[in-house]
Amino acid sequence: MPKIPSATREELEAGRGYEALFVPALFEPWTKHLVNGAGIVEGCDVLDVACGSGVLARHAFEEAGKSGRVVGVDPAPGMIAAANEVQPGIEWMLGRAEELPFEDGTFDCVVSQFGMMFFQDRDKAATEMHRVLKPGGRVAVAVWNSIEHNPAYRDIIAVLDEQVGTEAGDALRLPYTLGDAGQVTMSLSAGGFEDVACETRTEQAGFPGSRTMVEAELRGWLPLFGINLSEEKIADVLQKSDGKLSKYATPSGEAVFPTSAHIITARRQH
Ligand SMILES: C[S@@+](CC[C@H](N)C(=O)[O-])C[C@H]1O[C@@H](n2cnc3c(N)ncnc32)[C@H](O)[C@@H]1O
(Lines give C-alpha, C1' and ligand atoms only; values in the text may rest on other atoms or scores of the structure.)
Protein backbone atom coordinates (compact mmCIF):
# COMPACT_ATOMS: atom_id res chain seq x y z
CA MET A 1 0.00 0.00 0.00
CA PRO A 2 1.60 3.36 -1.02
CA LYS A 3 2.33 5.88 1.75
CA ILE A 4 -0.40 8.54 2.14
CA PRO A 5 1.05 11.94 1.13
CA SER A 6 1.12 14.46 3.94
CA ALA A 7 -1.39 17.32 4.05
CA THR A 8 -1.14 20.58 5.97
CA ARG A 9 -3.49 21.07 8.91
CA GLU A 10 -5.60 23.47 6.81
CA GLU A 11 -5.80 21.06 3.87
CA LEU A 12 -6.83 18.20 6.15
CA GLU A 13 -9.50 20.36 7.83
CA ALA A 14 -10.85 21.32 4.39
CA GLY A 15 -11.00 17.63 3.40
CA ARG A 16 -12.72 16.69 6.67
CA GLY A 17 -15.14 19.60 6.26
CA TYR A 18 -16.04 18.45 2.75
CA GLU A 19 -16.62 14.87 3.98
CA ALA A 20 -18.76 15.93 6.96
CA LEU A 21 -20.78 18.76 5.43
CA PHE A 22 -21.29 17.74 1.81
CA VAL A 23 -20.89 14.05 1.33
CA PRO A 24 -23.97 12.72 3.17
CA ALA A 25 -26.13 15.67 2.09
CA LEU A 26 -25.26 15.94 -1.58
CA PHE A 27 -22.85 13.36 -2.99
CA GLU A 28 -23.71 10.02 -1.41
CA PRO A 29 -27.07 9.61 -3.22
CA TRP A 30 -25.28 9.57 -6.60
CA THR A 31 -22.74 6.80 -6.05
CA LYS A 32 -25.19 4.00 -6.96
CA HIS A 33 -25.61 5.43 -10.48
CA LEU A 34 -21.85 5.38 -11.08
CA VAL A 35 -21.43 1.90 -9.60
CA ASN A 36 -24.24 0.58 -11.81
CA GLY A 37 -23.19 2.61 -14.86
CA ALA A 38 -19.64 1.25 -14.78
CA GLY A 39 -20.87 -2.28 -14.03
CA ILE A 40 -18.86 -2.69 -10.82
CA VAL A 41 -19.31 -6.19 -9.39
CA GLU A 42 -17.33 -8.49 -7.11
CA GLY A 43 -13.75 -8.96 -8.24
CA CYS A 44 -13.52 -5.76 -10.34
CA ASP A 45 -10.42 -3.57 -10.35
CA VAL A 46 -11.78 -0.01 -10.05
CA LEU A 47 -10.29 3.48 -10.34
CA ASP A 48 -12.14 6.50 -8.88
CA VAL A 49 -10.77 9.66 -10.57
CA ALA A 50 -11.21 12.93 -8.59
CA CYS A 51 -12.15 10.76 -5.61
CA GLY A 52 -12.32 13.67 -3.13
CA SER A 53 -12.87 12.28 0.36
CA GLY A 54 -13.76 8.94 -1.20
CA VAL A 55 -17.52 8.37 -1.00
CA LEU A 56 -17.75 6.71 -4.43
CA ALA A 57 -14.57 4.66 -3.93
CA ARG A 58 -16.06 3.37 -0.63
CA HIS A 59 -19.22 2.21 -2.42
CA ALA A 60 -17.09 0.60 -5.16
CA PHE A 61 -15.02 -1.11 -2.44
CA GLU A 62 -18.16 -2.72 -0.99
CA GLU A 63 -19.20 -4.02 -4.42
CA ALA A 64 -15.74 -5.16 -5.60
CA GLY A 65 -15.14 -7.07 -2.37
CA LYS A 66 -11.93 -8.72 -1.22
CA SER A 67 -11.18 -10.20 -4.63
CA GLY A 68 -11.31 -6.74 -6.27
CA ARG A 69 -9.10 -3.67 -6.01
CA VAL A 70 -10.16 -0.04 -5.58
CA VAL A 71 -7.88 2.97 -6.05
CA GLY A 72 -8.88 6.59 -5.47
CA VAL A 73 -6.92 9.42 -7.13
CA ASP A 74 -7.21 13.15 -6.41
CA PRO A 75 -4.76 16.07 -6.62
CA ALA A 76 -5.81 17.55 -3.24
CA PRO A 77 -3.67 16.19 -0.35
CA GLY A 78 -6.35 17.16 2.21
CA MET A 79 -9.00 15.13 0.37
CA ILE A 80 -6.70 12.09 0.15
CA ALA A 81 -5.81 12.38 3.86
CA ALA A 82 -9.49 12.70 4.85
CA ALA A 83 -10.39 9.74 2.60
CA ASN A 84 -7.72 7.60 4.28
CA GLU A 85 -9.07 8.51 7.73
CA VAL A 86 -12.50 7.17 6.77
CA GLN A 87 -11.40 4.02 4.89
CA PRO A 88 -7.71 3.09 5.17
CA GLY A 89 -8.38 -0.19 3.30
CA ILE A 90 -8.58 1.58 -0.07
CA GLU A 91 -5.46 2.68 -2.01
CA TRP A 92 -5.49 6.51 -2.05
CA MET A 93 -3.08 8.34 -4.35
CA LEU A 94 -2.27 11.90 -5.32
CA GLY A 95 -2.75 12.45 -9.04
CA ARG A 96 -4.47 14.39 -11.80
CA ALA A 97 -6.99 13.01 -14.25
CA GLU A 98 -4.88 14.33 -17.12
CA GLU A 99 -1.87 12.22 -16.07
CA LEU A 100 -3.07 9.06 -14.34
CA PRO A 101 -0.20 7.27 -12.57
CA PHE A 102 -1.03 3.77 -13.87
CA GLU A 103 0.07 1.37 -16.60
CA ASP A 104 -2.11 0.88 -19.68
CA GLY A 105 -5.00 -1.58 -19.22
CA THR A 106 -4.92 -1.70 -15.40
CA PHE A 107 -8.64 -1.41 -14.48
CA ASP A 108 -11.98 -3.04 -15.32
CA CYS A 109 -13.95 0.08 -14.40
CA VAL A 110 -13.19 3.80 -14.12
CA VAL A 111 -15.61 6.12 -12.33
CA SER A 112 -15.55 9.86 -11.72
CA GLN A 113 -18.23 11.74 -9.81
CA PHE A 114 -18.58 15.54 -10.05
CA GLY A 115 -14.90 16.11 -10.85
CA MET A 116 -14.80 16.62 -14.62
CA MET A 117 -15.82 20.29 -14.50
CA PHE A 118 -12.56 20.99 -12.65
CA PHE A 119 -10.22 19.20 -15.06
CA GLN A 120 -7.98 21.57 -16.99
CA ASP A 121 -7.99 19.32 -20.07
CA ARG A 122 -11.09 17.11 -20.34
CA ASP A 123 -10.01 15.48 -23.63
CA LYS A 124 -6.68 14.48 -22.09
CA ALA A 125 -8.50 13.12 -19.02
CA ALA A 126 -10.82 11.05 -21.22
CA THR A 127 -7.82 9.68 -23.16
CA GLU A 128 -6.17 8.76 -19.86
CA MET A 129 -9.31 7.03 -18.52
CA HIS A 130 -9.47 5.05 -21.78
CA ARG A 131 -5.76 4.15 -21.59
CA VAL A 132 -5.88 2.76 -18.03
CA LEU A 133 -8.97 0.63 -18.76
CA LYS A 134 -8.65 -2.97 -19.93
CA PRO A 135 -10.26 -3.71 -23.33
CA GLY A 136 -14.00 -4.15 -22.67
CA GLY A 137 -13.76 -2.01 -19.52
CA ARG A 138 -16.39 0.60 -18.68
CA VAL A 139 -16.33 4.22 -17.56
CA ALA A 140 -19.09 6.19 -15.74
CA VAL A 141 -18.87 9.94 -15.18
CA ALA A 142 -21.29 12.26 -13.31
CA VAL A 143 -21.54 16.01 -13.94
CA TRP A 144 -24.12 18.42 -12.53
CA ASN A 145 -26.86 19.64 -14.83
CA SER A 146 -26.87 23.41 -15.48
CA ILE A 147 -27.78 25.83 -12.70
CA GLU A 148 -31.36 26.40 -13.96
CA HIS A 149 -31.98 22.71 -13.25
CA ASN A 150 -30.47 23.09 -9.75
CA PRO A 151 -32.41 26.12 -8.46
CA ALA A 152 -31.44 25.70 -4.80
CA TYR A 153 -27.83 26.29 -5.85
CA ARG A 154 -28.85 29.35 -7.87
CA ASP A 155 -30.21 30.73 -4.57
CA ILE A 156 -27.07 29.83 -2.62
CA ILE A 157 -24.90 31.48 -5.30
CA ALA A 158 -27.00 34.65 -4.95
CA VAL A 159 -26.31 34.63 -1.17
CA LEU A 160 -22.55 34.18 -1.76
CA ASP A 161 -22.46 36.93 -4.43
CA GLU A 162 -24.27 39.38 -2.14
CA GLN A 163 -22.77 38.51 1.21
CA VAL A 164 -19.24 37.32 0.42
CA GLY A 165 -18.42 38.55 -3.11
CA THR A 166 -18.46 37.34 -6.72
CA GLU A 167 -15.22 35.37 -6.23
CA ALA A 168 -17.16 33.18 -3.77
CA GLY A 169 -20.17 33.04 -6.12
CA ASP A 170 -17.87 32.00 -8.97
CA ALA A 171 -16.41 29.16 -6.85
CA LEU A 172 -19.93 27.76 -6.66
CA ARG A 173 -20.84 28.49 -10.29
CA LEU A 174 -17.94 26.31 -11.44
CA PRO A 175 -19.52 22.91 -10.62
CA TYR A 176 -22.49 23.74 -12.90
CA THR A 177 -20.50 24.67 -16.00
CA LEU A 178 -20.84 21.24 -17.70
CA GLY A 179 -24.63 21.28 -17.78
CA ASP A 180 -24.35 20.65 -21.50
CA ALA A 181 -23.48 16.96 -21.27
CA GLY A 182 -22.55 17.05 -24.98
CA GLN A 183 -19.17 18.45 -23.97
CA VAL A 184 -18.51 15.35 -21.86
CA THR A 185 -19.78 12.86 -24.45
CA MET A 186 -17.58 14.55 -27.07
CA SER A 187 -14.51 14.28 -24.84
CA LEU A 188 -15.19 10.58 -24.19
CA SER A 189 -15.64 9.88 -27.91
CA ALA A 190 -12.48 11.85 -28.71
CA GLY A 191 -10.69 9.83 -26.03
CA GLY A 192 -11.48 6.62 -27.93
CA PHE A 193 -14.58 5.39 -26.07
CA GLU A 194 -17.47 3.54 -27.76
CA ASP A 195 -21.16 3.21 -26.83
CA VAL A 196 -21.21 6.66 -25.19
CA ALA A 197 -24.61 7.22 -23.53
CA CYS A 198 -26.06 9.88 -21.22
CA GLU A 199 -28.94 9.76 -18.72
CA THR A 200 -30.19 12.77 -16.77
CA ARG A 201 -31.28 11.91 -13.23
CA THR A 202 -32.69 13.59 -10.15
CA GLU A 203 -31.71 12.86 -6.54
CA GLN A 204 -32.83 14.51 -3.29
CA ALA A 205 -30.25 16.49 -1.34
CA GLY A 206 -30.89 16.70 2.39
CA PHE A 207 -29.11 19.07 4.76
CA PRO A 208 -29.86 19.24 8.52
CA GLY A 209 -31.27 22.77 7.98
CA SER A 210 -31.46 25.60 5.45
CA ARG A 211 -28.59 27.47 7.09
CA THR A 212 -26.47 24.32 6.82
CA MET A 213 -26.84 24.49 3.03
CA VAL A 214 -24.87 27.74 3.10
CA GLU A 215 -22.62 26.74 5.98
CA ALA A 216 -21.44 23.75 3.92
CA GLU A 217 -20.29 26.16 1.20
CA LEU A 218 -18.66 28.58 3.63
CA ARG A 219 -16.78 25.92 5.62
CA GLY A 220 -16.46 23.02 3.17
CA TRP A 221 -16.20 24.55 -0.32
CA LEU A 222 -14.83 28.10 -0.24
CA PRO A 223 -11.67 27.04 1.71
CA LEU A 224 -10.80 24.75 -1.23
CA PHE A 225 -10.52 27.99 -3.26
CA GLY A 226 -8.48 29.74 -0.57
CA ILE A 227 -11.50 31.73 0.73
CA ASN A 228 -11.45 31.43 4.52
CA LEU A 229 -14.01 33.50 6.45
CA SER A 230 -13.91 34.48 10.13
CA GLU A 231 -16.47 32.95 12.53
CA GLU A 232 -18.06 36.40 12.84
CA LYS A 233 -18.49 36.69 9.06
CA ILE A 234 -19.88 33.14 8.82
CA ALA A 235 -22.50 33.90 11.50
CA ASP A 236 -23.45 37.13 9.69
CA VAL A 237 -23.80 35.43 6.26
CA LEU A 238 -25.89 32.60 7.74
CA GLN A 239 -28.25 35.03 9.41
CA LYS A 240 -28.65 37.01 6.19
CA SER A 241 -29.24 33.84 4.12
CA ASP A 242 -32.58 33.10 5.81
CA GLY A 243 -34.62 35.28 3.46
CA LYS A 244 -33.56 33.29 0.37
CA LEU A 245 -33.17 29.80 1.79
CA SER A 246 -35.74 29.22 4.53
CA LYS A 247 -38.19 28.15 1.78
CA TYR A 248 -36.22 24.87 1.54
CA ALA A 249 -36.84 23.99 5.22
CA THR A 250 -39.35 21.21 5.88
CA PRO A 251 -41.69 21.37 8.94
CA SER A 252 -39.14 19.26 10.84
CA GLY A 253 -36.42 21.81 10.05
CA GLU A 254 -34.38 19.85 7.50
CA ALA A 255 -33.64 21.33 4.09
CA VAL A 256 -34.58 18.96 1.28
CA PHE A 257 -34.47 19.77 -2.42
CA PRO A 258 -33.98 18.01 -5.77
CA THR A 259 -30.67 18.07 -7.61
CA SER A 260 -30.16 17.17 -11.26
CA ALA A 261 -27.11 15.59 -12.90
CA HIS A 262 -26.01 13.73 -16.03
CA ILE A 263 -24.59 10.21 -15.82
CA ILE A 264 -22.45 9.47 -18.87
CA THR A 265 -21.30 5.92 -19.54
CA ALA A 266 -19.05 4.42 -22.21
CA ARG A 267 -16.90 1.39 -23.03
CA ARG A 268 -13.35 0.77 -24.18
CA GLN A 269 -13.64 -1.64 -27.06
CA HIS A 270 -10.08 -2.71 -27.89
C1 LIG B 1 -16.77 18.12 -6.02
S2 LIG B 1 -15.35 17.21 -5.64
C3 LIG B 1 -15.96 15.56 -5.94
C4 LIG B 1 -15.27 14.55 -5.07
C5 LIG B 1 -15.86 13.15 -5.07
N6 LIG B 1 -15.80 12.54 -6.37
C7 LIG B 1 -17.25 13.13 -4.51
O8 LIG B 1 -18.16 12.68 -5.21
O9 LIG B 1 -17.44 13.55 -3.35
C10 LIG B 1 -14.28 17.50 -7.00
C11 LIG B 1 -12.89 16.88 -6.86
O12 LIG B 1 -12.17 17.06 -8.09
C13 LIG B 1 -10.80 17.13 -7.76
N14 LIG B 1 -10.04 17.64 -8.91
C15 LIG B 1 -9.85 18.92 -9.29
N16 LIG B 1 -9.06 18.97 -10.38
C17 LIG B 1 -8.73 17.69 -10.70
C18 LIG B 1 -7.92 17.09 -11.73
N19 LIG B 1 -7.31 17.80 -12.66
N20 LIG B 1 -7.79 15.75 -11.72
C21 LIG B 1 -8.43 14.99 -10.80
N22 LIG B 1 -9.21 15.51 -9.81
C23 LIG B 1 -9.36 16.84 -9.76
C24 LIG B 1 -10.80 18.05 -6.53
O25 LIG B 1 -9.60 17.97 -5.81
C26 LIG B 1 -12.03 17.52 -5.78
O27 LIG B 1 -11.66 16.56 -4.83
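Small disclaimer: the values here were computed from a predicted structure and weren't measured. (Residues numbered from 1 in each chain as written. Predicted model: local features only at pLDDT ≥ 70, side-chain atom pairs only at ≥ 80, totals over all residues. Heavy atoms only, no water.)

What follows is about the pattern of salt bridges. Scanning the model with the defined rule gives 22 salt bridges in all. Arg131 is the partner of Asp104 in a salt bridge, and the nearest nitrogen-oxygen pair spans 2.8 Å. Of this pair, Asp104 sits in the loop between strand E3 (91-94) and strand E4 (107-113) while Arg131 is found in helix H6 (residues 122-132), placing the two residues 27 residues apart along the sequence. One salt bridge connects Arg173 with Asp161, and the closest N-O pair in it is separated by 2.8 Å. In this pair, Arg173 is assigned in helix H8 (residues 166-173) and Asp161 in helix H7 (residues 151-163), connecting sequence segments 12 residues apart. (Salt bridge = Lys/Arg side-chain N within 4 Å of Asp/Glu carboxyl O. Helix = DSSP H or I, 4+ residues; strand = E, 2+ residues; numbered from the N terminus.)

Moving on, we come to the site of the ligand. Neighbouring residues of the ligand: 18 residues in total, closest Tyr18, Ala50, Asp74, Ala97 and Gln113. Contact between the ligand and Ala50: a nitrogen atom at 2.8 Å from a main-chain N or O atom of the residue. At 2.9 Å from a nitrogen atom of the ligand is found a main-chain nitrogen or oxygen belonging to Ala97. The fraction of the free accessible surface of the ligand (600 Å²) that becomes covered by protein chains is 91%. A breakdown of the residues in the shell around the ligand according to their chemical character gives 13 nonpolar, 2 polar and 3 charged. (Near = heavy atom within 4 Å. Polar contact = N/O pair within 3.5 Å; in protein donor to acceptor, adjacent residues only side chain to side chain. Areas by Shrake-Rupley, 256 points an atom, 1.4 Å probe, with all protein chains shown as cover. Nonpolar A, V, L, I, M, F, W, Y, C, P; charged D, E, K, R; others polar.)

Bringing the environment of Gly72 into the picture now. Considering the arrangement of structural elements, one finds Gly72 in strand E2 (residues 69-74). Between the C-alpha atoms of Gly72 and Ile156, which are 84 residues apart in sequence, the distance is 30 Å. With residues near it in sequence (within four places) discarded, Gly72 still touches Asp48, Cys51, Ile80, Ile90, Glu91, Trp92 and Met93. (Contact = heavy atoms within 4.5 Å.)

A few words now on the sheet that holds strand E5 (residues 133-144). On the basis of which strands lie adjacent, the open sheet formed by 7 strands has the order E3-E2-E1-E4-E5-E7-E6 and mixed pairing. Edge positions in the sheet fall to E3 and strand E6 (194-207), since each has one partner strand and no second. Sheet twist, expressed as the mean angle between neighbouring strand axes with direction ignored, is 20°. The pairing of strand E1 (residues 45-49) with E2 spans 5 bridges and is classified as parallel. Within E2, the position partnered with Val46 by the bridge is Val70. (Pairing = 2+ DSSP bridges. Axes fitted to C-alpha atoms, helices over the stretch in contact; angles between N-to-C directions.)

Our focus in this paragraph is the packing of helix H1 (residues 9-21) against helix H5 (residues 77-86). H5 packs onto H1 with a crossing angle of 60° between their chain directions and a minimal axis gap of 7 Å. Viewed along their axes, H1 and H5 adopt a mutual orientation that is oblique. Read as a crossing pair, H1 and H5 show a hand that is right-handed. On H5, the residues that touch Glu11, Leu12, Gly15, Arg16, Tyr18 and Glu19 of H1 are Pro77, Gly78, Met79, Ala81, Ala82, Glu85 and Val86. Counted by class, the contact of H1 with H5 contains 7 nonpolar, 2 polar and 4 charged residues. (Parallel < 35°, antiparallel > 145°, perpendicular 65-115°, else oblique. Left-handed = near helix turned anticlockwise from the far one by under 90°.)

Below, the discussion takes up the pairing of strand E7 (residues 255-267). Looking along a regular strand, one sees the side chains alternate between the two faces of the sheet. Where burial is concerned, most of E7 is hidden: 10 out of the 13 residues are buried. Bridge analysis of E5 against E7 gives 7 bridges, and the strand direction is antiparallel. Among the inter-strand pairings, Ala142 is bridged to a residue of E7, identified as Ile263. Relative to E7, E6 is paired through 12 bridges, and the arrangement is antiparallel. Along E7, the bridge assignment pairs Glu199 with Ile263. (Buried < 20%, exposed > 50% of the residue type's maximum accessible area, 1.4 Å probe, protein only.)

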